[in-house]
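Coordinate inspection notes
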Amino acid sequence: MAFNLHAILACPARIGVAASLHALVSCAALSVVATCMSTLCMLSLCMLALAPRAHAQTTFADAHPVFVARCSGCHAVVGFGGFNIAYPDPVSAYTDAQAPSYYSPGQTKGYASVVRMLDGTMPMNGGCTGNPALDAGNPLCATAGELAIVQAWIAEGQLPPLAMTGTSFCSGHQDPTPCPCGNAGLPSAGCAHAANELGARLVGRGSASLAQDGLVLEATRLPASSALFIQGDAAAGTGQGQVFGDGLLCVTTNVVRLRTRTPIAGTARHPAPGDAPLSVQVQAPGSVKHYQVLFRNAANYCTASTWNGTNGLRVTWTP
Ligand code: HEC
């Protein structure tokens, strides 16, 4: 694999578009100069090249929670290095992440952040090597899953946090219903599962309007099994969900099974072209609907049962 991060970013057609692995490879093949020659750096770039493309669009909404988890001590308020990539508000954090870097000249601070996570110089004094296998026992260091997300964010063009529709609830972080084995994922995600310790995540994109329904539900970080999209009129367990397999059931009351899908590279969307729009299941403007994706996970994890779910997503439909 002879392509690298610089080559990917230098290829303008890749910036800001959903880049397929094939496109990245063919793009990078055109780039002849490896701009980064140190052994350590080559290793990092190689890891980047091999990082899984989790789904079509990795935005800063995906990467931001990783920086919050790993870098807050010095890049949330104090602004070491001249930026706060872990600022709690993702829009402000993204703005800082797009400032020019001194560590990786000609690149953004967001780019340099990923380089430094991989070369082991950040989090500073954290004792991390950037190799998740070696860093496994150190709670300060990024996990393999977290590194994959931030690398995908860079490789797919450092997209801003896109406008999302709906509000996440029931992530297993709050009492009285934490995840059944203390297996909370990231905030705004479902409980951790055997295939992804960050937990599967459900977001909505597009307009939740009855007259102009463009809403698409998108679940990511799913295991390779079937994923069931459901809708309910109410949030289960007063919003915190109720224990369900290895995770939580987030929706209740008039539950409708919308569709079962097979995730592709961990991602499943509904509706797909040709499907009925979500609004056919909505009675009137002002209806509040609660969505979740449940999935089977055969691997033995947490409890003996084989079910888990994403976070819940609450959407208010407008006229
Ligand atoms: C304990 C404090 C501390 C933590 C935690 C920390 N940093 Fe830093 N960071 C610093 C300091 C101090 C500097 C300035 C000195 C330097 O660049 O080495 C810095 C500088 C940087 C720079 C250079 C900015 C530029 O313009 O090139 C990047 C990138 C960076 N940090 C990324 C991160 C990331 C990503 C994390 C989390 C994974 C992180 N840091 C966690 C202290 C920290």
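Residues numbered from 1 in each chain as written. Predicted model: local features only at pLDDT ≥ 70, side-chain atom pairs only at ≥ 80, totals over all residues.

**Notes on the overall build of the protein chain**
When you go through the protein chain residue by residue, the secondary structure sums to seven helices and 13 strands. Counting only residues that meet the buried cut, the protein chain has 46% of its 319 residues in that class. Long-range contacts, defined here as pairs at least 24 residues apart, represent 63% of the contacts in the protein chain between residues at least 6 apart. (Helix = DSSP H or I, 4+ residues; strand = E, 2+ residues; numbered from the N terminus. Buried ≥ 20, exposed ≤ 12 C-beta atoms within 10 Å, placed from the backbone. Contact = placed C-beta atoms within 7 Å.)

**Here's the deal with the nonpolar core**
If you look at the biggest cluster of nonpolar residues, it comprises 37 residues, and the most contacted ones within it are Leu202, Ala219, Leu248, Cys250, Tyr291 and Val293. Secondary-structure elements contributing two or more residues to this core are strand S2 (201-205), strand S3 (216-220), strand S4 (227-232), strand S7 (247-249), strand S11 (288-296) and strand S13 (312-316). Ranked by residues supplied to this core, first place goes to S11 with four residues. Not counting chain neighbours up to four residues away, the residues in contact with Cys250 comprise Phe169, Cys170, Ala235, Ala236, Gly241, His290, Gln292, Gly309, Asn311 and Gly312. (Core = buried A, V, L, I, M, F, W, Y, C linked by C-beta atoms within 7 Å.)

**Looking at the sheet that holds strand S10 (residues 268-270)**
Spatially, S2-S3-S10 is the arrangement adopted by the three strands of the open sheet, whose pairing is antiparallel. Lying at the two open borders of the sheet, with one neighbouring strand each, are S2 and S10. The sheet shows a mean angle of 20° between the axes of neighbouring strands, taken without regard to direction. With five bridges joining them, S2 and S3 adopt antiparallel strand pairing. Across the sheet, the residue bridging to Arg205 is Val216, located in S3. (Pairing = 2+ DSSP bridges. Axes fitted to C-alpha atoms, helices over the stretch in contact; angles between N-to-C directions.)

**A word on helix H7 (residues 144-155)**
End to end, H7 covers 16 Å across 12 residues, agreeing with the expected 16 Å (1.5 Å per residue, within 8%). The element H7 is extensively covered by neighbouring structure, given that 11 of its 12 residues are classed as buried. Along H7, the residues classified as buried are Gly145, Glu146, Leu147, Ala148, Ile149, Val150, Gln151, Ala152, Trp153, Ile154 and Ala155. The positive-phi residue at the C-terminal boundary of H7 is Gly157, with phi of around 105°. (Expected span 1.5 Å × (residues − 1).)

**Focus on the site of the ligand**
In the vicinity of the ligand there are 21 residues, among which Cys71, Cys74, Phe80, Gly81 and Tyr103 approach most closely. Sorting the residues of the shell around the ligand by element identifies helix H4 (60-75) and helix H6 (109-119) as the ones contributing at least two each. Per-element accounting of the shell around the ligand gives the leading share, six residues, to H4. By residue class, the composition of the shell around the ligand is 11 nonpolar, seven polar and three charged. (Near = placed C-beta within 6 Å. Nonpolar A, V, L, I, M, F, W, Y, C, P; charged D, E, K, R; others polar.)

**Some points on the pairing of S4**
Summarising the sheet, S4 and strand S9 (residues 256-261) pair through five bridges and their orientation is antiparallel. Paired with Ile230 across the strands is Arg257, a residue of S9. Taken together, the six bridges between S4 and S11 define a ladder with antiparallel strand orientation. If you follow Phe229 over to S11, its bridge partner there is Val293.

**A closer look at unusual backbone geometry**
In this structure, Pro123 follows Met122 across a cis peptide bond, with omega equal to -5°. Structurally, Pro123 is set in the loop between H6 and H7. In this structure, Asn125 is a non-glycine residue whose phi angle is positive, near 60°. Along the chain, the position of Asn125 falls in the loop between H6 and H7. Residue classification places Asn125 among the exposed positions, given that 10 C-beta atoms sit within 10 Å. Even without a glycine there, the phi angle at Ala265 is positive, about 50°.

**Looking at the environment of Thr220**
With respect to the secondary-structure elements, Thr220 resides in strand S3. For the pair Thr220 and Val293, spaced 73 residues apart in sequence, the C-alpha separation works out to 9.9 Å.

**Here we look at the packing of H6 against H7**
Orientation of H6 relative to H7, taken along the N-to-C sense of each, is 145°, at an axis distance of 10 Å. Once H6 is placed against H7, the crossing between them reads as left-handed. In this structure, H6 contributes Tyr111, Val114 and Met117 to the contact, and H7 contributes Leu147, Val150, Gln151 and Ile154. (Left-handed = near helix turned anticlockwise from the far one by under 90°.)

**Let's talk about the environment of Asp213**
Structurally, the position occupied by Asp213 is in the loop between S2 and S3. Not counting the four nearest positions on each side in its chain, Asp213 is found in contact with Ser207, Pro277, Leu278 and Ser279.

**Observations regarding H4**
With 16 residues, H4 should cover 22 Å at 1.5 Å per step; its first-to-last C-alpha distance of 16 Å lies more than 12% under that length. Three or more residues of H4 are buried, namely Phe60, Ala61, Asp62, Ala63, His64, Pro65, Val66, Phe67, Arg70, Cys71 and His75. Where H4 is buried, its residues touch helix H5 (90-97), H6 and H7.

**So, the confidence of the model for the protein chain**
Across the protein chain, the average pLDDT comes to 82, with 82% of residues at 70 or higher. Within the protein chain, helix H2 (residues 21-29) has the poorest average pLDDT of any element, 31, and S4 the best, 98. (pLDDT = per-residue confidence, 0-100.)

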